[in-house]
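# An overview of the molecular structure
If you want the building blocks of each chain, they are given just below.
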Amino acid sequence: MKISKIMTRNVRTLAPERSIRDAAMLMADIDSGALLIHEGDRLIGMVTDRDIAVRAVAAGLDGNTPVRQVMSVDVRYCFDDEDVEHVAANMADIQVRRLPVLNREKRLVGVVSLGNIASGHSRMANDTVLRGVTSAH
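Residues numbered from 1 in each chain as written. Predicted model: local features only at pLDDT ≥ 70, side-chain atom pairs only at ≥ 80, totals over all residues. Heavy atoms only, no water.

### A closer look at the packing of aromatic side chains
We describe a pair of aromatic rings using the distance from one ring centre to the other and the angle between the two ring planes. Here the structure, examined in full by the defined rule, presents one aromatic pair. With 5.6 Å between their ring centres and 80 degrees between their planes, Tyr-77 and Phe-79 make a pair best called edge-to-face. When the ring centre of Phe-79 is taken as origin, the NZ or CZ atom of Arg-104, which lies over that ring, is 3.8 Å away. (Phe/Tyr/Trp six-rings, centres within 6.5 Å; stacked < 30°, edge-to-face > 60°. Lys NZ or Arg CZ within 6 Å of the ring centre and 35° of its normal.)

### What to know about the sheet that holds strand β1 (residues 13-14)
With respect to topology, three strands assemble into an open sheet ordered β1-β2-β3, the strand pairing being mixed. Pairing within the sheet leaves two strands with one partner each, and these edge strands are β1 and β3 (42-48). In this structure, β1 lies alongside strand β2 (residues 34-39), joined through two bridges in parallel fashion. Residue pairing across strands places Leu-14 opposite Ile-37, the latter belonging to β2. (Pairing = 2+ DSSP bridges. Helix = DSSP H or I, 4+ residues; strand = E, 2+ residues; numbered from the N terminus.)

### Some words on the confidence of the model for the protein
Taken over all residues, the pLDDT of the protein has a mean of 89, while the share at 70 or more is 87%. Looking at the elements of the protein, mean pLDDT is at its lowest for helix α5 (residues 123-134), recorded as 57, and at its highest for strand β4 (residues 78-79), recorded as 98. (pLDDT = per-residue confidence, 0-100.)

### Observations regarding the environment of Met-91
If you trace the backbone, Met-91 turns up in helix α3 (residues 84-94). Taking the relative accessible area as the measure of exposure, Met-91 reaches 0% and is therefore buried. Taking the C-alpha atoms as reference, Met-91 lies 9.4 Å from Tyr-77; in sequence the two are 14 residues apart. (Buried < 20%, exposed > 50% of the residue type's maximum accessible area, 1.4 Å probe, protein only.)

### Things to note about the pattern of salt bridges
Here the structure, examined in full by the defined rule, presents seven salt bridges. Two residues, Arg-12 and Asp-29, come together in a salt bridge whose shortest N-O distance is 3.8 Å. A residue pair is termed long-range when its members are at least 10 positions apart, and Arg-12 in the segment before β1 and Asp-29 in helix α1 (residues 20-30) qualify at 17 residues. By relative accessible area, which is 44% here, Arg-12 ends up partly exposed. (Salt bridge = Lys/Arg side-chain N within 4 Å of Asp/Glu carboxyl O.)

### Comments concerning the sheet that holds strand β5 (residues 98-102)
Overall, mixed pairing links the three strands, which are arranged β4-β5-β6 in an open sheet. Strands with a single pairing partner mark the edges of an open sheet, and in this sheet they are β4 and β6 (108-113). With five bridges connecting them, β5 and β6 associate as antiparallel partners. When the sheet's bridge partners are listed, Val-101 is paired in β6 with Gly-110. Its contacts with the sheet place α3 against β4, β5 and β6, and it is angled at close to 135 degrees to β5. (Contact = heavy atoms within 4.5 Å. Axes fitted to C-alpha atoms, helices over the stretch in contact; angles between N-to-C directions.)

Here's what the structure looks like:
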C-alpha cells in the first residue's frame, strides 16, 4: 500500500515570519504538537510545541518571536508513492512520530503519523514503526 492512501491531506502550514504565538494558537486550534513551515510553495522547516518551549520560552524569547528563529530546518520527509512498510521502517530508524509527505516535485501533499500507520491495516508496518519510535523514549 502507498503512503498516499493513508496520509492526512489538507495539512495546515505556517509562514516562517509568523510569530511563535501564532504557531501555538494554530497548534491549539488543530490539536497538533507540530506545524510544517512553508515559504512560497516549499517546505522549509517544522516547529513543535517542544521547540517553542525549549528554544523560545526557556531562552526568554517573547511570543512575537518569528517561527524561523526556533524551527528545525533539517526536516525529514517521505514521498507519496512510497510503500507504507518502507516509510514505517524509515520512521522507526530515525525515531520520528510524523513525516511530511511530498510528491516527486517536492511539493507538500500531506503528512503521515503513527496514527495513520496504525490505521493503515499493515500489521508489519505498525509493529515496525511503534517498536522503533518508542525505543527512543
